[in-house]
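# Structure at a glance
Here is what each chain is made of, one letter per residue.
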Amino acid sequence: MDKIIIFDTTLRDGEQAPGASLNYKEKLEVAGALENLGVDVIEAGFPVSSKGDFTAVQAIAKNIKLPVVCGLARAIKKDIDAAVEATKLARRPRIHIFLATSKIHMQYKLKKAEGEIIRLAVESVSYAKKFCSDIEFSPEDASRSQKDFLFQVIEAVIKAGATTVNIPDTVGYTEPEEYGRLVRAIKENVPNIDRAIISVHCHNDLGLAVANSLSAIKSGARQVECTINGIGERAGNASLEEIVMSIDTRKDIYSGLKTGIHKKNIYKVSRLVSKLTGFVVAPNKAIVGGNAFRHESGIHQDGVLKERSTYEIIRGEDVGFVVEGMVLGKHSGRHAFNERLKKIGYNLNKEQVDKAFCRFKDLSDKKKDIFDDDLRAIVEDEICVGKLIWKLDSFEINSGTKIKPVSGVILIKGGKKISKVSSGDGPVDACFKAIDKITGFKAKLEDFRLEAVTSGKDALGQVSLRLKIKDAIISGSGSSTDIIEASIFAYLNAVNKYAE
Ligand code: KIV
Ligand code: ZN
């Protein structure tokens, strides 16, 4: 079998999506989840870009055991030094150097001629090679580069020591046949290409990132760069789960190819990334959307009951999506609760189980039937919270059609209760303003989404929001059967992340 190397760039290109920023602890948590998912390479960040990125890459390098840990660098000595330093404790470090090769980028962005680009590419790869044997080179905007020049650059960097050459479709401009032809042309025209792995990196500006990546695989690319839920710059990157499941589902087409991904973990990692970035997954998103395995039409339901394969090409449970009816209720005990958590993929430590069980008991007083999605929301709330600097004690609201909404919020900080009252445009706004009075932060609400976790009037409401505090964009989420309380939890989740 030919292995397709899964290079995950959720923590680098994914995190570049506007508003997707993750804190140190969250990055480590995502890296651990990616390792459990079985990715081959984790691009952990761009170490020179900020101190935060540097320390996160360093910590990931130290903690991750199996995957290669990669740091990004421009073709500049200080970038390479930072990437080398940040990844040096990894069991298997990689330095990823990029430099644009398209006329547009060379002329307008870099203001450099072809000869200088080749010189910089070679010098930077040779320099990085002194510190690290695993070097990847990306001719940025490769899909819009002049082919002959691209071939020359690739040949030169392989000669200088690059072991992987990545062919980025940086602006999501290419289309599947064209991109497949480009990879074939590289194989045919770069004399030393057998000494490197061809990688592909596609953006989704025309909605073709996955199709382009798959086409490149058919032409001989053996590494795919992708992100969980397809998050990334602008319209995002190729989605990991769609690529992996395409290769797995269409074995007739991708015969002899396999990935090392543990499919059963896909849904869980997707939810974690969605939760931590605040990027809600659309219900109709392939593989990980809430509706991906649900059949609504009577004809489809009838067909699936008679023979599953009539309308299902993938079984939800294969990617960890368990569609189940009512699972637990008021009288369910800790054992049943924990067993159910294990069945849907959560192995929590004792302290986490205790906390989640308390939440479950609270919820079962308010909601008769507890479904798997409720359990996921509870667990994610419990295991995704960082330090609780400010904790909700209680709140009150007074709102109606003829009065200005007013809220009173009491928060606890360091064991001390602090209360404030505020009016607002609505009850949620009034609560957020009262919280701001307590914390002293002037937070701007950039995005706010409310979703029902399951159906029914007593459903758990899940709020995902994004705040801007000074120059930082922070996401937060929270759930409760009371949507005002869910909003407060989400707001505090973001505020606590900022204050940490
Ligand atoms: O899209 C792109 O070209 C990139 C490179 C840094 C690989 O992200
Ligand atoms: Zn990219």
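What you are looking at is a predicted structure, and each value in this text was computed from that prediction instead of being measured.

Within the chain, the secondary structure is distributed over 16 helices and 16 strands. Relative to the globule expectation of 23 Å for 500 residues, the C-alpha radius of gyration of the chain, 25 Å, shows essentially globular dimensions. With the C-alpha coordinates of the chain rotated into their principal frame, the extents come out at 70 × 60 × 45 Å. Relative to its 500 residues, the chain shows a buried fraction of 55%. In the chain, 66% of the contacts between residues at least 6 apart in sequence involve partners at least 24 apart. Here the chain displays about 22,300 Å² of accessible surface, and carbon together with sulfur accounts for 52% of that area.

Attention shifts here to the domain arrangement of the chain. According to the domain assignment, the chain contains domain 1 (2-277), domain 2 (293-323), domain 3 (324-384) and domain 4 (391-499). Taken together, the seven residues of domain 1 in the interface contact seven residues of domain 2. Here domain 1 meets domain 2 over a buried area of about 610 Å², counting both sides, of which 64% is carbon and sulfur. Joining domain 1 to domain 2, the criterion identifies zero salt bridges. Our count for the domain 1 to domain 2 interface comes out at three residue pairs in polar contact (both at pLDDT 80 or more). For the side of domain 1 that touches domain 2, the secondary-structure elements that each account for two or more residues are α9 (240-249) and α10 (266-277).

For the rest of this paragraph, the subject is the coordination of the zinc ion (ligand 2). Within the protein, D13 (OD), H201 (NE2) and H203 (NE2) serve as the donor atoms for the zinc ion (ligand 2), at 2.0 to 2.1 Å. Look at where the donors of the zinc ion (ligand 2) fall in the sequence and you get D-x187-H-x1-H. The class of H203 is buried, set by a relative accessible area of 4%.

Next up on the list: the site of ligand 1. The environment of ligand 1 is made up of R12, D13, H96, F98, S138, E140, N166, P168, T170, H201 and H203. A distance of 2.6 Å separates an oxygen atom of ligand 1 from a polar atom in the side chain of T170. Between ligand 1 and the protein, one listed contact pairs an oxygen atom with a side-chain N or O atom of H201 at 3.1 Å. Among the elements of the structure, β5 (93-100), β6 (135-140) and β7 (164-169) are those that each provide at least two residues to the shell around ligand 1. Grouping the amino acids of the shell around ligand 1 by side-chain chemistry returns two nonpolar, six polar and three charged.

Judged from the eight bridges that link them, strand β12 (residues 406-413) and strand β13 (residues 416-423) form a sheet pairing that is antiparallel. Paired with I412 across the two strands is K417, which belongs to β13. Linking β12 to β13, which pair antiparallel, is a turn of two residues; within it G414 sits at a positive phi near 55 degrees.

Time to look at the environment of V453. Looking at the secondary structure, you find V453 in the loop between β14 (443-452) and β15 (461-469). Residue classification places V453 among the buried residues on the basis of a relative accessible area of 14%. Each C-alpha atom, one on V453 and one on D302, is 26 Å from the other, the two residues being 151 residues apart in sequence. The residues touching V453, leaving out its near neighbours within four places in the chain, are D373, D374, A377, L460 and Q462.

Moving on to the sheet that holds strand β16 (residues 472-480). Read from one edge to the other, the open sheet built from three strands follows the order β14-β15-β16, with strand pairing classed as antiparallel. The sheet is open, and its two edges are formed by β14 and β16, each paired on a single side. Strand-to-strand twist of the sheet, defined as the mean angle between neighbouring strand axes without regard to direction, takes the value 15 degrees. Alignment of β14 against β15, held across nine bridges, turns out to be antiparallel.

Right, let's get into the sheet that holds strand β11 (residues 391-398). Strand order in the open sheet formed by three strands is β11-β12-β13, and the pairing between neighbours is antiparallel. Each end of this open sheet is capped by a strand with a single partner; those strands are β11 and β13. When strand polarity is set aside, the average angle formed by the axes of neighbouring strands in this sheet is 15 degrees. With seven bridges connecting them, β11 and β12 associate as antiparallel partners. Residue pairing across strands places F395 opposite V409, the latter belonging to β12. The sheet contacts of helix α15 (residues 427-439) involve β11, β12 and β13, and relative to β13 the element is tilted by about 135 degrees.

Another aspect to go through is helix α1 (residues 24-37). Between its first and last C-alpha, α1 extends 20 Å over 14 residues, near the 20 Å set by a 1.5 Å rise per residue. All of the buried residues along α1 are E26, K27, V30, A31, A33, L34, E35 and L37. Elements in contact with the buried residues of α1: β2 (5-8), β3 (41-45), α2 (51-63), α9, α10 and α16 (483-499). Where α1 starts, the residue carrying a side-chain oxygen 3.3 Å from the main-chain nitrogen of K25 turns out to be N23. Directly after α1, the chain includes G38, whose backbone phi takes a positive value near 95 degrees.

Now for the pattern of salt bridges. A complete count under the given rule lists 42 salt bridges for this structure. One salt bridge connects E241 with K285, and the closest N-O pair in it is separated by 2.9 Å. In this pair, E241 sits in helix α9 while K285 sits in the loop between α10 and α11 (298-306), placing the two residues 44 residues apart along the sequence. You'll find E241 and K285 in the same group, each marked buried. A cluster of three or more residues bridged by salt bridges with shared partners is formed by K112, E116, R119 and E123.

Across a regular strand the side chains alternate sides, sitting on one face of the sheet and then on the other. Within β7, six of the six residues are buried, leaving the element largely enclosed by the surrounding structure. Because side chains alternate across β7, one face comprises the buried residues T164, N166 and P168, and the other comprises V165, I167 and D169, equally buried. Here two bridges tie β6 to β7, and the two strands are oriented parallel to one another. In the sheet register, F137 faces β7, and the bridge partner there is V165.

Rules of the game
- Residues numbered from 1 in each chain as written.
- Chains lettered and ligands numbered in written order.
- Predicted model: local features only at pLDDT ≥ 70, side-chain atom pairs only at ≥ 80, totals over all residues.
- Heavy atoms only, no water.
- Helix = DSSP H or I, 4+ residues; strand = E, 2+ residues; numbered from the N terminus.
- Rg over C-alpha atoms; globule rule 2.2 N^0.38 Å.
- Buried < 20%, exposed > 50% of the residue type's maximum accessible area, 1.4 Å probe, protein only.
- Contact = heavy atoms within 4.5 Å.
- Areas by Shrake-Rupley, 256 points an atom, 1.4 Å probe, with all protein chains shown as cover.
- Domains from an automatic or database assignment.
- Buried area = accessible area lost by both parts, 1.4 Å probe.
- Salt bridge = Lys/Arg side-chain N within 4 Å of Asp/Glu carboxyl O.
- Polar contact = N/O pair within 3.5 Å; in protein donor to acceptor, adjacent residues only side chain to side chain.
- Donors = N, O, S within 2.8 Å, 3.2 Å for Na, K, Ca; no water.
- Near = heavy atom within 4 Å.
- Nonpolar A, V, L, I, M, F, W, Y, C, P; charged D, E, K, R; others polar.
- Pairing = 2+ DSSP bridges.
- Axes fitted to C-alpha atoms, helices over the stretch in contact; angles between N-to-C directions.
- Expected span 1.5 Å × (residues − 1).

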